[in-house]
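So the chains spell out like this:
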Amino acid sequence: MTTLDLILRNAVLPDGRTGLDIGVKDGRIAALERSLPASARREIDVGGCLVSPPFVDAHFHMDSTLSLGQPRLNQSGTLLEGIALWGELKPHLTQAALVERALRYCDWAVGRGLLAIRSHVDICDPRLLAVEALLQVKRTVAPYLDLQLVAFPQDGYLRSPDAVALLDRALEMGVDVVGGIPHFERTMADGADSVRRLCALATERGALVDMHCDESDDPLSRHVETLAAETVRHGLHGRVTGSHLTSMHSMDNYYASKLLDLMAEAQLNVVANPLINITLQGRHDTYPKRRGMTRVKEQMARGLTVAFGQDCVMDPWYPLGSGDMLDVAAMGLHVAQMTGVAEIGACFQAVTANAARILQLERYGLDIGCHADLVVLQASDPAEAIRLRATRLYVLRRGRIVAQAPKAEATLDLPGRATTTVDWRL
Ligand code: FE2
């Protein structure tokens, strides 16, 4: 009989399979079956709780996270005041402060079962301080969290002086992914030019691409079209991600249907950021106000890989958040009106498996041979996990418990009734 390192008994999986035992050996999933006839140094009966691969955030800004109030609060709450505020803070950043905030956020993330993050890092700073800091953080957290970095020209690749050279330098220093922000360039033509140049650069370097693209309410913003066309032209199918794509919300339906075909041809990945999109878009509207999130339901139906990202936590753009991807999934589900049975499952995938596919994480999932990176949730299924923002009872990285939390429950002592315990599960 094989001796395993750990067995999680009586698990429910996100695909609906129940009563499964998960055996872990040498940091990998070594067995997955009912009534696993093996012993282990440690066994945990998870009692019918959901066991999922870890949460993955496909879109984040770790250089600005937890900087809320520095140097002042965003009074209007708008995207443009947020960008201006970040510009005010940038010259005063120190590497030590950047590293400290990022590490603190990574601790929050691990506690929430969030073990892989793609973070954009602003390269429009001649010192490239944030790049250096996040590369250091990436090395520090590697034993417990995968941090993937995107070279992001926040002030415009062509609009910001030296951004072309700075982006090259960031890639040389070890940043993984080519970023962009075409809608922030001076003109639509400059935006399209930036997309062409950045896709060519990524092709040359064999890098993935992830651009902030069409993050506006302008129904005529067309950079996602250029991004998809350049993806096809360079043969970058499946390697390119359009983040935000909020203009698609406002586009003419006929044009959007043609665009979806092109996106499918390019196998373009999509990241919507529901918490940020619902708060920052539609700000020029009176009533009715647009929701401003991209067409998630239609993109999923077209076979595109769609993830939900957190984007911001306690920074110039967003004063809330805590690294909880279930909160992100809940908001995405509501904004996209995805309350159908399969749709709720798809929203859970948007913060787990879909995001992992976009990051091209290796050995992610629940198959034998995958990394034993697992989250035990106090919930019976993905819908309940989202509804309750379920407690992460155990978080495992490479088979080792890296975080645990007590069950969320309350003891009721009501007049005329026996003392009872409530845990909010159905
Ligand atoms: Fe972003």
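Residues numbered from 1 in each chain as written. Predicted model: local features only at pLDDT ≥ 70, side-chain atom pairs only at ≥ 80, totals over all residues. Heavy atoms only, no water.

K.L.:
How should I be thinking about the overall build of the protein chain in this particular structure?
P.N.:
Across its full length, the protein chain holds 14 helices and 18 strands. A compact globule built from 426 residues should have a C-alpha radius of gyration of about 22 Å, and the protein chain, at 22 Å, falls within 12% of that. Along the first, second and third principal axes, the C-alpha atoms of the protein chain reach 65 × 50 × 45 Å. Evaluated residue by residue, the protein chain yields a buried proportion of 56% over its 426 residues. Long-range contacts, defined as pairs at least 24 residues apart, comprise 74% of the intrachain contacts of the protein chain with a sequence gap of at least 6. For the protein chain, the exposed area adds up to about 17300 Å²; of that, 52% sits on carbon and sulfur atoms. A gap of 2 Å separates the mean positions of the 44 positive and 51 negative side-chain charges of the protein chain. (Helix = DSSP H or I, 4+ residues; strand = E, 2+ residues; numbered from the N terminus. Rg over C-alpha atoms; globule rule 2.2 N^0.38 Å. Buried < 20%, exposed > 50% of the residue type's maximum accessible area, 1.4 Å probe, protein only. Contact = heavy atoms within 4.5 Å. Areas by Shrake-Rupley, 256 points an atom, 1.4 Å probe, with all protein chains shown as cover. Lys, Arg positive; Asp, Glu negative; His and termini not counted. Charge placed at Lys NZ, Arg CZ, Asp CG, Glu CD.)

K.L.:
Can you walk me through the packing of aromatic side chains in this structure?
P.N.:
Following the criterion strictly, the structure yields four aromatic pairs and no others. On the numbers, 6.0 Å between centres and 75 degrees between planes, the contact of F55 with F348 is edge-to-face. You can see F55 sitting in strand β6 (residues 55-60) and its partner F348 sitting in helix α12 (residues 341-350), a full 293 residues away along the chain. Taking relative accessible area as the criterion, F348 reaches 1% and is therefore assigned buried. (Phe/Tyr/Trp six-rings, centres within 6.5 Å; stacked < 30°, edge-to-face > 60°.)

K.L.:
Where do I start with the packing of helix α4 (residues 163-173) against helix α5 (residues 188-205) in this structure?
P.N.:
If you want to describe how two helices pack, look at the angle between their axes and the distance between the axes. For the pair α4 and α5, interaxial distance at closest approach is 13 Å and the crossing angle is 25 degrees. Considering the angle they form, α4 stands roughly parallel to α5. Judged by the twist between their axes, the crossing of α4 over α5 is right-handed. Counting all contacts with α4, which are made through V164, L167, D168, L171 and E172, the residues of α5 involved are R197, L198, L201 and R205. Tallied by class, the residues present in the contact of α4 with α5 amount to five nonpolar, no polar and four charged. (Axes fitted to C-alpha atoms, helices over the stretch in contact; angles between N-to-C directions. Parallel < 35°, antiparallel > 145°, perpendicular 65-115°, else oblique. Left-handed = near helix turned anticlockwise from the far one by under 90°. Nonpolar A, V, L, I, M, F, W, Y, C, P; charged D, E, K, R; others polar.)

K.L.:
Sorry, what's going on with the coordination of the iron ion here?
P.N.:
Ideal donor angles around a metal are set by the shape: a four-donor tetrahedron calls for 109.5 degrees, a six-donor octahedron for 90 or 180 degrees. Looking at the metal site, the iron ion is ligated by H59 (NE2), H61 (NE2), H212 (NE2) and D311 (OD), spaced 2.1 to 2.4 Å from it. Classification of the site at the iron ion as irregular follows from its four donor atoms and the range of 86 to 178 degrees in their angles at the metal. Sequence spacing among the residues donating to the iron ion works out to H-x1-H-x150-H-x98-D. Separated by 252 residues along the polypeptide, H59 in strand β6 and D311 in the loop between β13 (306-308) and α11 (325-335) bring together distant segments of the chain. For the pair shown, H59 and D311 are each scored as buried. (Donors = N, O, S within 2.8 Å, 3.2 Å for Na, K, Ca; no water. Tetrahedral: all angles 85-135°; square planar, octahedral: opposite > 155°, others 65-115°.)

K.L.:
Explain the sheet that holds strand β9 (residues 177-178) to me, please; I cannot follow it from the model alone.
P.N.:
What holds strands together in a sheet is hydrogen bonding between their backbones, with the strands either parallel or antiparallel. The eight strands are arranged β6-β7-β8-β9-β10-β11-β12-β13 in an open sheet whose pairing can be described as parallel. Bordering the open sheet on either side are β6 and β13, each of which pairs with just one other strand. In the sheet, β6 pairs with strand β7 (residues 114-122) via four bridges, with the strands oriented parallel. Along β7, the bridge assignment pairs D57 with I117. Sheet contacts for α11: β6, β7 and β13; angle to β13, the most-contacted strand, approximately 120 degrees. (Pairing = 2+ DSSP bridges.)

K.L.:
Looking at this structure, how should I read the layout of surface pockets?
P.N.:
Once rolled over the atoms, a probe with the size of a water molecule shows which space is left empty. Of the volumes computed, that of the largest pocket is approximately 690 Å³. Broken down by secondary-structure element, the contributors of at least two residues to the lining of the largest pocket are α1 (79-89) and α9 (274-280). Take the lining of the largest pocket: its biggest share by element is three residues, from α1. In terms of residue class, the lining of the largest pocket is made up of twelve nonpolar, 13 polar and nine charged. (1 Å grid on protein atoms, 1.4 Å probe; cavity = no way out; pocket = protein on both sides within 12 Å on 5 of 7 lines; lining within 4 Å. Points joined across faces, edges and corners; volume = space filled by probe spheres on them.)

K.L.:
Teacher, can you tell me more about helix α6 (residues 223-234) here?
P.N.:
Helical geometry note: an α-helix holds 3.6 residues per turn, so side chains three or four residues apart project in the same direction. Between its first and last C-alpha, α6 extends 16 Å over twelve residues, near the 16 Å set by a 1.5 Å rise per residue. Against the buried residues of α6 lie α5, β10 (208-213), β11 (240-244) and α8 (253-266). Just past α6, the residue G235 takes up positive phi, approximately 65 degrees. (Expected span 1.5 Å × (residues − 1).)

K.L.:
Is there a simple way to think about the pattern of salt bridges in this case?
P.N.:
A side chain of one charge can pair with a side chain of the opposite charge if their charged atoms are brought near each other. Under the criterion given, the structure shown has 23 salt bridges. Among the ionic pairs, R233 bridges to E230, the shortest N-O distance being 2.9 Å. Of this pair, R233 and E230 both sit in helix α6, three residues apart, roughly one helical turn. Classification of R233 by relative accessible area gives exposed; the value is 57%. A salt bridge links D285 to R290; its shortest N-O distance comes to 2.6 Å. By relative accessible area, which is 13% here, D285 ends up buried. A network of salt bridges, in which partner residues are shared, links D146, D373, R397 and R398. (Salt bridge = Lys/Arg side-chain N within 4 Å of Asp/Glu carboxyl O.)

K.L.:
Please explain the pairing of strand β2 (residues 20-25) as it appears in this structure.
P.N.:
Residues in a regular strand project their side chains so that they alternate between the two faces of the sheet. Counted residue by residue, β2 has five buried out of six residues, so it is predominantly covered. Pairing analysis gives four bridges linking strand β1 (residues 3-11) to β2, with the strands arranged antiparallel. Each bridged residue has a counterpart across the sheet, and for L6 the counterpart in β2 is V24. Connecting β2 to the next strand, strand β3 (residues 28-33), in antiparallel fashion are two residues, including D26 with a positive phi near 50 degrees.

K.L.:
Looking at this structure, how should I read the packing of helix α2 (residues 95-111) against helix α3 (residues 129-141)?
P.N.:
One can describe the packing of α2 onto α3 by two numbers: an axis separation of 9 Å at closest approach and a directional angle of 40 degrees. It follows from the interaxial angle that α2 and α3 lie oblique. You can see that α2 and α3 cross each other, and the crossing is right-handed. Residues Q95, L98, V99, A102, L103 and C106 of α2 pack against L129, A130, E132, A133, L134, Q136, V137, T140 and V141 of α3. For the contact of α2 with α3, a count of residues per class yields eleven nonpolar, three polar and one charged.

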